[in-house]
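Residues per chain are reported as follows:
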Amino acid sequence: MLDKEKIRESLTEEDITKILLDLGAGDPQRDREGNMVYRTICHGGNKHKLYYYDDSKMFHCYSGCQTSFDIYALVLKVKKWENNKFPEVIKYVANVSGKWLTKDYNKETETRCRLDLWKNFGEENTKQDLKLTNYSKNVLNVFINKPHELWINEGISEETMKTFDISYYSKEDRIIIPHFDIDGNLVGIRGRALLEEDVQAGKKYMPVRVNKIEYSHSTRLNWYGLNITKEAIKRRKTVKIFESEKSVMKLYEWYGNDCDAVASGGSSISPTQLKILEDLGVEKIYLCYDKEYTDDDNEQKQRYGMKLIKAVHSVCQFKKVYLVLDNDELLQCKDSPCDRGKEVFEYLVRESEKIENNCKVTPLKIYSEEEAKELTKGIFKNRRNKQGKRND
Ligand SMILES: [Zn+2]
């Protein structure tokens, strides 16, 4: 049986953001103390007055509700479910966060539980509240149809930016990144802040608001770039999954109609996203995640390794999963694998590791430091160090 206390205590801010995105709250803002502040979806409000306190794992609504509650109570409120649906709420939270924690952990209950949850999630998606909204494309006329030089300097041409409908919002000083679904419907708009104060406040990438409408969407229900790259993906039966929109554009710049890249908008991949890839006939997946460690920081490396293992787990139904890793220290911390040019990227893809035995990791479990070390041991090869030793 799922352990609701254990799950709630294990939720990180990233998990909370994932759940709230799924509930339609959009991305959080931060207050001065660094607490996350969401739109008040608790009572259907629009202002950012729903605070989350990570220490106590509690929310407080400073507007309509004027009260505190935990994540489960919030889900109940938002979904307008009766109290007798509480088991569904726990499943929902476990599922979206990937924290399938049980009281009596064993392999068999875990497998059963997991299958159960995936199934439920599939049903969830057909419900109204987990659907993408089709926004009118007229809103795009508000923006200036001119690619920003910041990205031109990063090697993304005007032509490519036009293909992806990149524009500029002068009112908020943001580069506009429209998100389309596979059929080209507008499902969300994100903005890349250019004002230093926005960037400092952690609002570098945020949903854009025009005339009181926030064009936010659950990024877990969609693949960015797929409207452009779906034909290549179908033809090649291969997909390269990146974290950011910009990486997709960089690959399009290099490969044009052969570009098979998409962006996931996060590290874990949802059943809805998997289904889309399956339907396209994808057989081979390259996970091209940002490098999140400096080369001499083993602790960062281990944390990153666990993130990768969990990501691999979420696609374990695919037989050919490759991890694009920087074993030769060609990238810097926070780089995407395509940030150091085409040659480096192609080298990293050639050297990428096929991951065997994908389902070794069980999301149900919180791994001890020792176990995490053991699991991530095989991931990083670090050839530079090896060569160094050989020369000694
Ligand atoms: Zn409220």
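Residues numbered from 1 in each chain as written. Predicted model: local features only at pLDDT ≥ 70, side-chain atom pairs only at ≥ 80, totals over all residues. Heavy atoms only, no water.

Caption draft 1: Looking closely at the pairing of strand β15 (residues 320–323). Bridge count between strand β14 (residues 284–288) and β15: 4 bridges; the pairing is parallel. Bridge pairing links Tyr286 to Tyr322 in β15. Assessed by its sense of winding, the connection that carries the chain from β14 through helix α12 (residues 298–314) to β15 is right-handed. Both β15 and strand β16 (residues 353–354) contribute to a ladder of 2 bridges, which runs antiparallel. For Tyr322, the partnering residue across the bridge sits in β16 and is Lys354. (Pairing = 2+ DSSP bridges. Helix = DSSP H or I, 4+ residues; strand = E, 2+ residues; numbered from the N terminus. Right-handed = clockwise from strand over helix to strand, strands pointing away.)

Caption draft 2: Examining the sheet that holds strand β1 (residues 29–30) more closely. Strand order across the open sheet formed by 5 strands is β1-β2-β3-β4-β5, with antiparallel pairing between neighbours. Taken across any chain shown, the strands that pair with only one partner, and hence form the sheet edges, are β1 and β5 (68–69). Pairing between strand β3 (residues 48–53) and strand β4 (residues 58–61): 4 bridges, direction antiparallel. Each residue of the ladder has a partner; that of Leu50, found in β4, is Cys61. Packed on one face of the sheet, helix α2 (residues 13–22) meets β1, β2 (36–39), β3 and β4 and runs near 5° to β2. (Contact = heavy atoms within 4.5 Å. Axes fitted to C-alpha atoms, helices over the stretch in contact; angles between N-to-C directions.)

Caption draft 3: Expanded view of the coordination of the zinc ion. The protein atoms that coordinate the zinc ion are Cys42 (SG), His43 (ND1), Cys61 (SG) and Cys65 (SG), at distances spanning 2.0 to 2.4 Å. For the zinc ion, the 4 donor atoms in the first shell make angles of 104 to 115° at the metal, a pattern classed as tetrahedral. Coordination of the zinc ion draws on donor residues from a single chain, spaced C-H-x17-C-x3-C in sequence. With His43 in the loop between β2 and β3 and Cys61 in strand β4, the pair connects residues that are 18 residues apart, well separated along the chain. (Donors = N, O, S within 2.8 Å, 3.2 Å for Na, K, Ca; no water. Tetrahedral: all angles 85-135°; square planar, octahedral: opposite > 155°, others 65-115°.)

Caption draft 4: Fine view of the nonpolar core. Judged by nonpolar contacts, the single largest core of 33 residues is most densely connected at Leu20, Leu50, Ile71 and Leu74. Counting residues per element, the ones that place at least two in this core are α2, β2, β3, β4, α3 (71–79) and α4 (86–97). (Core = buried A, V, L, I, M, F, W, Y, C linked by side-chain atoms within 4.5 Å. Buried < 20%, exposed > 50% of the residue type's maximum accessible area, 1.4 Å probe, protein only.)

Caption draft 5: Structural context of the pairing of β3. As defined by bridge partners, β2 adjoins β3 across 4 bridges and the pair is classed as antiparallel. If you follow Tyr38 over to β3, its bridge partner there is Leu50. Linking β3 to β4, which pair antiparallel, is a turn of 4 residues; within it Lys57 sits at a positive phi near 60°.

Caption draft 6: Looking closely at α4. Compared with an ideal rise of 1.5 Å per residue, which puts 12 residues at 16 Å, α4 spans 17 Å between its outermost C-alpha atoms and is within 8% of the ideal. Along α4, the residues classified as buried are Val89, Ile90, Tyr92, Val93, Ala94, Asn95, Val96 and Ser97. Phi turns positive one or two residues past the end of α4, at Gly98, with a value near 75°. (Expected span 1.5 Å × (residues − 1).)

Caption draft 7: Here's a closer look at the packing of α3 against α4. Remark: α3 packs on α4, axes separated minimally by 9 Å, with the N-to-C direction vectors making an angle of 110°. Judged by the inter-axis angle, α3 sits roughly perpendicular to α4. From α3, Ile71, Tyr72, Val75, Leu76 and Lys79 reach across to α4, where they touch Phe86, Val89, Ile90, Tyr92 and Val93. Partitioned by chemical class, the residues of the contact of α3 with α4 number 9 nonpolar, no polar and 1 charged. (Parallel < 35°, antiparallel > 145°, perpendicular 65-115°, else oblique. Nonpolar A, V, L, I, M, F, W, Y, C, P; charged D, E, K, R; others polar.)

Caption draft 8: Layout of the pattern of salt bridges. Inspection of the entire model under this criterion finds 25 salt bridges. For Lys246, the salt bridge is made with Glu154, and the minimal N-O distance between the two is 3.1 Å. Of this pair, Lys246 sits in helix α10 (residues 245–255) while Glu154 sits in the loop between α6 (149–152) and α7 (158–163), placing them 92 residues apart in sequence. Given the relative accessible area of 15%, Lys246 is considered buried. Between Arg340 and Asp335 there is a salt bridge, and its shortest N-O distance comes to 2.6 Å. (Salt bridge = Lys/Arg side-chain N within 4 Å of Asp/Glu carboxyl O.)

Caption draft 9: Representation of α2 within the structure. In terms of burial, α2 is largely enclosed, as 8 of its 10 residues are buried. Three or more residues of α2 are buried, namely Asp15, Ile16, Thr17, Lys18, Ile19, Leu20, Leu21 and Asp22. The inward-facing, buried residues of α2 contact α1 (4–10), β2, β3, β4, α3 and α4. Downstream of α2 by one or two residues, Gly24 has phi in the positive range, about 95°.

Caption draft 10: Here's a closer look at the packing of aromatic side chains. Across all of its chains, the model carries 14 aromatic pairs by this definition. Considering the side-chain rings of Phe59 and Phe69, the 6.3 Å spacing of their centres and the 20° angle between planes classify their relative orientation as stacked. A residue pair is termed long-range when its members are at least 10 positions apart, and Phe59 in strand β4 and Phe69 in strand β5 qualify at 10 residues. Owing to a relative accessible area of 5%, Phe69 belongs among the buried residues under this scheme. Aromatic ring contacts, followed pair by pair, group Phe242, Trp254, Tyr255 and Phe345 into a single cluster. It is Lys79 that lies over the ring of Tyr92; its NZ or CZ is 4.5 Å from the centre. One cation-aromatic arrangement involves Lys85 over Trp81; the distance from NZ or CZ to the ring centre is 4.5 Å. (Phe/Tyr/Trp six-rings, centres within 6.5 Å; stacked < 30°, edge-to-face > 60°. Lys NZ or Arg CZ within 6 Å of the ring centre and 35° of its normal.)

Caption draft 11: Local environment of unusual backbone geometry. Even without being glycine, Lys80 reaches a positive phi, approximately 55°. Checked against the element boundaries, Lys80 lands in the loop between α3 and α4. The backbone phi angle of Asn211 is positive, close to 45°, even though this residue is not glycine. Note that Asn211 resides in the loop between β10 (209–210) and β11 (213–214).

Caption draft 12: The packing of α10 against helix α13 (residues 342–350), seen in detail. Running from N to C, α10 and α13 cross one another at 100°; their axes reach a closest spacing of 11 Å. When the axes of α10 and α13 are compared, the pair comes out roughly perpendicular. Listed contacts from α13 to Leu251, Trp254 and Tyr255 of α10 are Lys342, Phe345 and Glu346. Here the residues of the contact of α10 with α13 are counted per class, giving 4 nonpolar, no polar and 2 charged.

Scope: geometric values only; no functional claims are made or implied.
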